[in-house]
Amino acid sequence: MPCAELLDILTKFVRTIKIMESIHGISYTLSIRIHSDGFFLSGRDESGRLLSSKLVTAPILNLPTDEIAALLKTEMPASNHKIRLIYESDVFVFVPTALFDQQETVHYLSFQHKIPKNERVAFNAIPAWDTVNIFTIPSNLLQALMATFPGVSIEHQMSSLLSDHVHHNTSTEIHLWVRAKMMDMIVLKNGKLFLLNSFPFTTPEDFVYHCMNVADQLEINNADTHTYLYNGDSRPEIEQILNNYLLVTSR
């Protein structure tokens, strides 16, 4: 899809949100969730209600910085809005806040991953959970986002999942986000974070296997554990099978 066509899609999407804002007099959040095959646009009101959404397929990470900026840059709303930028990366690691040193981010990440060429290391501090998420993002994308949305923080998908959906309590929970070829998993056991990881999958059976394997390794009782599934609409067959093994709530 040509860059000009993608830009037109983004412009129309933002225009739709602006019209809804003017009619209903509400403020909203415009989220741009970027992955290797394109990006997902969504507009939500103050209560979290979805106003509009659009999936755009494009090899965005292969574009030069100026083309990415041209693709993303459009007429932004002038009032009552918030922009969220979320980037999906499989290269990440969580470090307790007490052990975190900003000068050592590359070393923390290198313990578990080989840092891809032409990628920069970034991080999100998550005070509510006393942890820091360190991840990589392509240099061209980072430069384009900083130029297009100055002052807007770039969130890793696991940071947004943890911050937005996992809340302090004393229960045991499994939180799952469905992506195209990966699943993100956060496990809370007796109120404590036990696992923050991503797993590749192809079939629904692969997805279920990872869930059951983690439950077994962490000695979690499937019958008593609430499992929260996000973005399940993209692969409805996953929830159908998962319901046979876990107590699933789709969100």
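A. Seen up close, the side chain of Arg 84. For Arg 84, the location among the structural elements is in strand E4 (residues 81–87). Given the relative accessible area of 16%, Arg 84 is considered buried. Here Asp 164 takes part through its side chain, which lies 2.9 Å from a polar atom of the side chain of Arg 84. With near-sequence residues (within four places) excluded, Arg 84 lies in contact with Thr 29, Leu 30, Ser 31, Ile 32, Glu 155, Ser 160 and Asp 164.

B. Quick look at the confidence of the model for the chain. On average, residues of the chain score 85 in pLDDT, and 85% of them reach the 70 mark or higher. Between residues 75–80, whose pLDDT stays under 50, and residues either more than four places distant or in other chains, the model counts 13 contacts.

C. Main features of the sheet that holds strand E6 (residues 119–126). Here three strands make up an open sheet; going across it, the order is E5-E7-E6 and the pairing antiparallel. The open sheet has two edge strands with one neighbour each: strand E5 (92–96) and E6. Neighbour to neighbour, the strand axes of the sheet diverge by 25° on average, direction disregarded. Bridge analysis of E5 against strand E7 (residues 131–138) gives five bridges, and the strand direction is antiparallel. Opposite Val 93, over in E7, you have Ile 134 as the bridge partner. Sheet strands in contact with helix H4 (residues 139–148) are E6 and E7, and its direction is about 105° off that of E7.

Reading the values: rules and limits
Residues numbered from 1 in each chain as written. Predicted model: local features only at pLDDT ≥ 70, side-chain atom pairs only at ≥ 80, totals over all residues. Heavy atoms only, no water. Helix = DSSP H or I, 4+ residues; strand = E, 2+ residues; numbered from the N terminus. Buried < 20%, exposed > 50% of the residue type's maximum accessible area, 1.4 Å probe, protein only. Polar contact = N/O pair within 3.5 Å; in protein donor to acceptor, adjacent residues only side chain to side chain. Contact = heavy atoms within 4.5 Å. pLDDT = per-residue confidence, 0-100. Pairing = 2+ DSSP bridges. Axes fitted to C-alpha atoms, helices over the stretch in contact; angles between N-to-C directions.

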